[in-house]
Amino acid sequence: EKVNSDTINQIAVLDSWQSKVNELERIIQKADNHEPQQQVDGKRYEVDNTLFKTIYKHCQGRGMFNIDEAEFLERIATADLSDEICNDGNKTKLRVLIKMIAKLGVINKSWYTDAVNKLGMSKSKLTKAQDYTFEIELETIIDEWRKVKTEYSNKVKTKLKSLNPT
């Protein structure tokens, strides 16, 4: 009976791993079918995907983008938010999004410079874009993300301390 139980556990583990492999193969297949815009300099920024997935979903609730989430995350990471990614009537919101990312320090300052340059406009023109309701919504999302991130970090530190009291 012990062997039988061990065998069943091993099969369950193998099934679990096989499902993970299948999921990765689907992701790779989707990535192969998706051709992100080529970057001349290939520069990428470190971004928090959880935050930007949340922002994307919020923006899509307003019908803002004509690209999928994967491309949006790629565009954020490469600071390439050129206007063709927006549906008609959303250029101001896109500019507000870029402004708020910079204003709230979500990504470093050179990201902002690169994003503005790729839009082909000046920083002063971009900062004039206003949509107060959208700005408040973005600020709330970013503030909540920061709170959750801080709480999680504190919990991890506390747990690590309890495991290693020296």
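In what follows, the structure referred to is the one given above.
Residues numbered from 1 in each chain as written. Predicted model: local features only at pLDDT ≥ 70, side-chain atom pairs only at ≥ 80, totals over all residues. Heavy atoms only, no water.

## A few points about the overall build of the chain
Across its full length, the chain holds 7 helices and 0 strands. Mapped in sequence order, the helices and strands of the chain form the string α-α-α-α-α-α-α. Burial status across the chain gives 32% buried among its 166 residues. Partitioning the intrachain contacts of the chain with sequence separation of at least 6 by distance along the chain shows that 66% fall at a separation of at least 24. Surface exposure of the chain reaches about 11,200 Å², of which carbon and sulfur atoms provide 52%. (Helix = DSSP H or I, 4+ residues; strand = E, 2+ residues; numbered from the N terminus. Buried < 20%, exposed > 50% of the residue type's maximum accessible area, 1.4 Å probe, protein only. Contact = heavy atoms within 4.5 Å. Areas by Shrake-Rupley, 256 points an atom, 1.4 Å probe, with all protein chains shown as cover.)

## A look at the packing of aromatic side chains
If you walk through the whole model with that rule in mind, you get 3 aromatic pairs. With 6.0 Å between their ring centres and 10° between their planes, tyrosine 56 and phenylalanine 65 make a pair best called stacked. In this pair, the class of tyrosine 56 matches that of phenylalanine 65, namely buried. Note on tyrosine 56 and phenylalanine 72: the rings are 5.3 Å apart at their centroids and 40° apart in plane angle, and the pair reads as tilted. On the criterion of sequence distance, the pair formed by tyrosine 56 in helix H2 (residues 49–60) and phenylalanine 72 in helix H3 (residues 69–77) is long-range, its members being 16 residues apart. Among the aromatic side chains, those forming a connected cluster through ring pairs are Tyr56, Phe65 and Phe72. (Phe/Tyr/Trp six-rings, centres within 6.5 Å; stacked < 30°, edge-to-face > 60°.)

## Some words on the environment of threonine 158
Residue position: threonine 158 is located in helix H7 (residues 132–163). Polar side-chain contacts of threonine 158 include one of 2.9 Å to the backbone oxygen of asparagine 154. (Polar contact = N/O pair within 3.5 Å; in protein donor to acceptor, adjacent residues only side chain to side chain.)

## Quick word on the packing of H2 against H3
Relative orientation of the contacting elements H2 and H3 amounts to 125°, with a least axis distance of 10 Å. Judged by the inter-axis angle, H2 sits oblique to H3. With respect to the hand of their crossing, H2 and H3 are arranged in right-handed fashion. Residues Asn49, Phe52, Lys53, Ile55, Tyr56 and Lys57 of H2 lie in contact with H3, whose contacting residues are Glu69, Phe72, Leu73 and Ile76. Its residues placed into classes, the contact of H2 with H3 shows 6 nonpolar, 1 polar and 3 charged. (Axes fitted to C-alpha atoms, helices over the stretch in contact; angles between N-to-C directions. Parallel < 35°, antiparallel > 145°, perpendicular 65-115°, else oblique. Left-handed = near helix turned anticlockwise from the far one by under 90°. Nonpolar A, V, L, I, M, F, W, Y, C, P; charged D, E, K, R; others polar.)

## Looking at helix H5 (residues 109–119)
Along an α-helix, a turn takes 3.6 residues, which lines up residues three or four apart on a common side. Every buried residue of H5 is accounted for by Trp111, Tyr112, Asp114, Ala115, Val116 and Leu119. Looking at the buried residues of H5, the elements they touch are H3, helix H4 (91–103) and helix H6 (123–127). After H5 finishes, the residue glycine 120 shows a positive phi value of roughly 75°.

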